[in-house]
Amino acid sequence: MKALLEKLQINDVNPGTCTGPDGWIDSGGDVLVSHNATTGEPLAKVIQTTPASYISVVDVAAEAFKTWRSVPAPKRGEVVRDLGNALRAYKEPLGELVTLEMGKIKVEGMGEVQEMIDICDFAVGLSRQLYGLAMHSERPGHRMYEQWHPLGAIGIITSFNFPVAVWSWNAAIAAVAGDTMVWKPSELTPLTAIATQHIANEVAADHGLHGIFNLVIGGGELGQLMSSDHRLPMVSFTGSIRTGRKVAESVARRLGRTILELGGNNAIIVTEDANLDMAVRAILFGAVGTAGQRCTTTRRIIAHQSIVDELTARLVKAYKQVAIGDPLDAGTLMGPLINKRAVDNMAAAIETAQANDGTVVYGGGLLPGLGAHFVEPTIIRMPQQIPLVCEETFAPILYIMSYETVEEAIEIHNGVPQGLSSAIFTTNLLTAEEFLSVKGSDCGIANVNIGTSGAEIGGAFGGEKETGGGRESGSDAWKAYMRRQTNTINWSTQMPLAQGIQFGD
Ligand code: NAD
């Protein structure tokens, strides 16, 4: 472990405040201890960012913006290309640190760093494609077009469960867009953020840059400072609905912009003609992967009444094969939850489900023999979608419900406040299309014969309703990091007004 931390320049005590190469600030703030999610042992300490040092970091980011915004976007892309290459070089240790600190299994930790690399590649291409439209003016001798300018220094607040990938979805795109950024990771995963900052610093140093990628570390109060800071024209927030609501209110009060990537409550509809082998594999990965701690985790199954028993039996069989243990071991499929609070929340949800006629058909228990944060992945048959099932419990609990008609299935599917990811397993083309139609899934992501988790970076990622409406990553999500300007140029010697208005002559 010591060797791994050294490779990533993590010391016993680390400053948590940084403005770039040689820009680590000893803020004198309170010390935070980061723990190994699997054993609960301390990994290293972090000196948190104080309000005063936060202010100085945003000053640096705002000042750096004044030069960064004028660097041509394709040149900014070169910096992001080098960031992607540096992440390639650090993929193994950074992925391992994700596993140590957050607890996801090693292949998922590596997958998270691969996602960082992929988004850098995407952003490099994007740096030559920040297109605006040209319009035909209604006035003779006039030209009209739109262009996209960078926004400024932006805030990025991230959750514990994707401790580095979420930063990169924002940072790679924001950097080519010409923004500088201030990142506040989750206080539960500060070391992965510090390691990432060191990597970004190496790249920035090679390009003689300072103040583009900035880091602050702390809890909710620091996030609150960012939300109400008018110097950050946009705050990209990833986390729970409860916290997202606070961020949205604070940023809206100052009429700033947000990208909100909040909780999900993702379901899969399984029809009577579905390929159950495929469905079981997708459900297993979606419900058990990352120990149920993905925003896109499969939490609800809505299965046709004619196959619900068979599907449940097959899932139980598959769950029995899940190896639970040290996430660094190659054979492990499920590691621990992040902390004791997550374990307690899971236990409380199972109790409520049982008190409401839910039947635990698999799991339901804790695994203290493996460690304080280990739980059994759990399957619960629910006769109906009670309020508990409409909430996101951030743990590996899968609720199975049944339906009779497709309309009923879609109604149950959409009958929750969140709207992130969704899927249907069916071989019926008409049912698949209905699910994707305006009458179907109300989510930001809707899949056919693919599970709810494991999205690719090429598409815009995000969800509707209480998931917050934000979009990150691919497609045209870059527009949220820039401001649109409409320009009209009169190259004639006349002064015609729009709408044919005659004024004063
Ligand atoms: P959380 O809401 O507890 O914390 C998220 C971040 O908000 C942390 O950095 C935290 O320090 C910060 N924070 C806390 N109080 C704040 C305040 N008052 N103002 C500003 N920031 C504050 O979430 P979590 O437990 O870290 O993450 C799990 C949640 O994130 C789940 O609900 C999950 O679905 C969601 N999530 C969503 C997506 C998505 O893309 N939609 C991705 C990952 C996680």
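The coordinates are above.
Reference entry: report on the structure contained in this document. All values reported here derive from a predicted model rather than from experimental measurement.

### As for the overall build of the chain
Helices and strands together make up the secondary structure of the chain, namely 14 helices and 24 strands. Computed over C-alpha atoms, the radius of gyration of the chain comes to 24 Å, within 12% of the 23 Å expected from 2.2 N^0.38 for 505 residues, which places it in the range of a compact globule. Overall, the C-alpha framework of the chain stretches about 80 × 60 × 40 Å when taken along its three principal axes.

### Overview of the packing of helix α3 (residues 73–89) against helix α7 (residues 190–206)
It is the contact of α3 with α7, at a shortest axis distance of 9 Å, that shows an interaxial angle of 135°. In terms of orientation, α3 and α7 fall into the oblique class. Here α3 and α7 pass one another in a crossing that is right-handed. Across the interface between the two elements, V79, D82, L83, A86 and L87 from α3 touch I199, A200, E202, V203 and D206 from α7. Split into classes, the residues belonging to the contact of α3 with α7 amount to seven nonpolar, no polar and three charged.

### Quick notes on the pairing of strand β17 (residues 397–403)
Burial within β17 is extensive, with seven of its seven residues counted as buried. Where burial is concerned, the two faces of β17 agree: the one with I397, Y399, M401 and Y403 and the one with L398, I400 and S402 are both buried. Sheet topology note: the strand β14 (residues 298–304)/β17 ladder contains five bridges and is parallel. Opposite R300, over in β17, you have Y399 as the bridge partner. Across four bridges, the pairing between strand β16 (residues 378–381) and β17 is parallel. Bridge pairing in β17 links T378 to I397.

### Some details on the site of the ligand
Lining the immediate surroundings of the ligand are 30 residues, of which S159, G220, G223, G239 and C295 lie closest. Elements represented by at least two residues in the shell around the ligand include exactly α8 (220–227) and α9 (241–253). Looking at the shell around the ligand, the element that brings in the most residues is α8, giving four residues.

### Overview of the sheet that holds strand β7 (residues 142–150)
Read from one edge to the other, the open sheet built from three strands follows the order β6-β7-β24, with strand pairing classed as antiparallel. Only two strands of the sheet have a single partner each, and these edge strands are β6 (134–135) and β24 (482–490).

### What to know about the sheet that holds strand β5 (residues 42–47)
One open sheet holds the three strands; their spatial order is β1-β5-β4, and the pairing between them is mixed. Both outer strands of the open sheet, β1 (13–15) and β4 (31–35), are each paired with one neighbouring strand and no more. Here the average twist between neighbouring strands, direction ignored, is 30°. When β4 meets β5, the two strands line up antiparallel, connected through five bridges. For L32, the partnering residue across the bridge sits in β5 and is V46. Of the strands in this sheet, β1, β4 and β5 touch α7, which is tilted by about 65° from β5.

### Thoughts on the environment of T49
Within the element layout of this structure, T49 appears in the loop between β5 and α2 (51–68). A residue is classified by how many C-beta atoms lie within 10 Å of it, and T49, with 27 of them, is buried. Distance from T49 to V31, taken between C-alpha atoms, is 9.5 Å for residues 18 residues apart in sequence. When near neighbours in sequence (up to four residues on either side) are disregarded, T49 contacts G16, T17, S27, G29, Y54, V216, I217, G218 and L222.

### Looking at helix α11 (residues 308–320)
Counted at 1.5 Å a residue, the expected span for α11 with its 13 residues is 18 Å, and the 18 Å between its end C-alpha atoms agrees. Taken as a whole, α11 has its buried residues at L311, T312, L315 and Y319. Angular distribution of buried residues about the axis of α11 spans 100°; they occupy a single face of the element. Projecting away from the buried face of α11 at angles above 90 degrees are the exposed residues E310, A313, K317 and K320.

### Some points on unusual backbone geometry
The residue Q9 is not glycine, and still its phi comes out positive at about 60°. Tracing the backbone shows Q9 in the loop between α1 (2–7) and β1. On the basis of neighbour count, Q9 is assigned to the partly exposed category, with 14 C-beta atoms found within 10 Å. A positive phi angle is found at L255, which is not glycine, with a value near 55°. Mapped onto the fold, L255 is located in the loop between α9 and β12 (257–261). Given 8 C-beta atoms within 10 Å, L255 falls into the exposed group.

### Remarks on the nonpolar core
Counting residues in hydrophobic clusters, the biggest one holds 139 residues, and the most contacted among them are A123, A172, I173, M181 and V182. When residues in this core are grouped by element, the largest group, eleven residues, is from helix α6 (residues 165–177). Counting residues in each nonpolar core, the second largest holds six residues, with L420, I445, A455 and F461 among its members.

### Considerations on the pairing of β5
In this sheet, β5 lies alongside β1 in parallel orientation, the contact comprising three bridges. Paired with V13 across the bridge in β5 is K45. Once β4 ends, the chain turns through six residues before running back antiparallel as β5, passing G40 with a positive phi of about 80°.

Parameters and conventions
- For every chain, the first residue of the written sequence is number 1, and numbering continues from 1 along that sequence.
- The model is predicted, so local features are restricted to residues of pLDDT at least 70 and side-chain atom pairs to those at 80 or more, both for listing and for counting; the totals for chains, interfaces and linings are taken over all residues.
- Elements are defined by DSSP. Helices are runs of H or I of four residues or more, strands are runs of E of two residues or more, and each kind is numbered from the N terminus.
- Computation of the radius of gyration draws on C-alpha atoms alone. For the globule rule, the value is 2.2 Å times the number of residues to the power 0.38.
- Fitted lines through C-alpha atoms give the axes, limited to the stretch in contact for helices. The angle between two N-to-C directions lies from 0 to 180 degrees.
- Each angle is binned into one of four classes, with values under 35 degrees roughly parallel, values over 145 roughly antiparallel, values of 65 to 115 roughly perpendicular, and all other values oblique.
- Handedness of a helix crossing follows the sense of rotation of the near helix relative to the far helix, less than a right angle counterclockwise being left-handed and clockwise being right-handed.
- Residue pairs qualify as contacts under a 7 Å threshold applied to their C-beta atoms, which are placed from the backbone.
- We call Asp, Glu, Lys and Arg charged. Ala, Val, Leu, Ile, Met, Phe, Trp, Tyr, Cys and Pro are nonpolar, and the rest, Gly among them, are polar.
- Exposure in this text rests on C-beta crowding, where 20 or more other C-beta atoms within 10 Å of a residue's own make it buried, 12 or fewer make it exposed, and counts in between make it partly exposed. The C-beta atoms are placed from the backbone.
- For two strands to be treated as a pair, DSSP must find at least two bridges joining them.
- Using a C-beta atom placed from the backbone, a residue is scored as near a molecule or strand whenever that atom is within 6 Å of it.
- Expected span, for any helix, means 1.5 Å times one less than how many residues it has.
- Regarding the arc, it is the one traced by the directions from the helix axis to the C-beta atoms.
- A set of buried Ala, Val, Leu, Ile, Met, Phe, Trp, Tyr and Cys residues, joined to one another through C-beta atoms within 7 Å, is what we call a nonpolar core.

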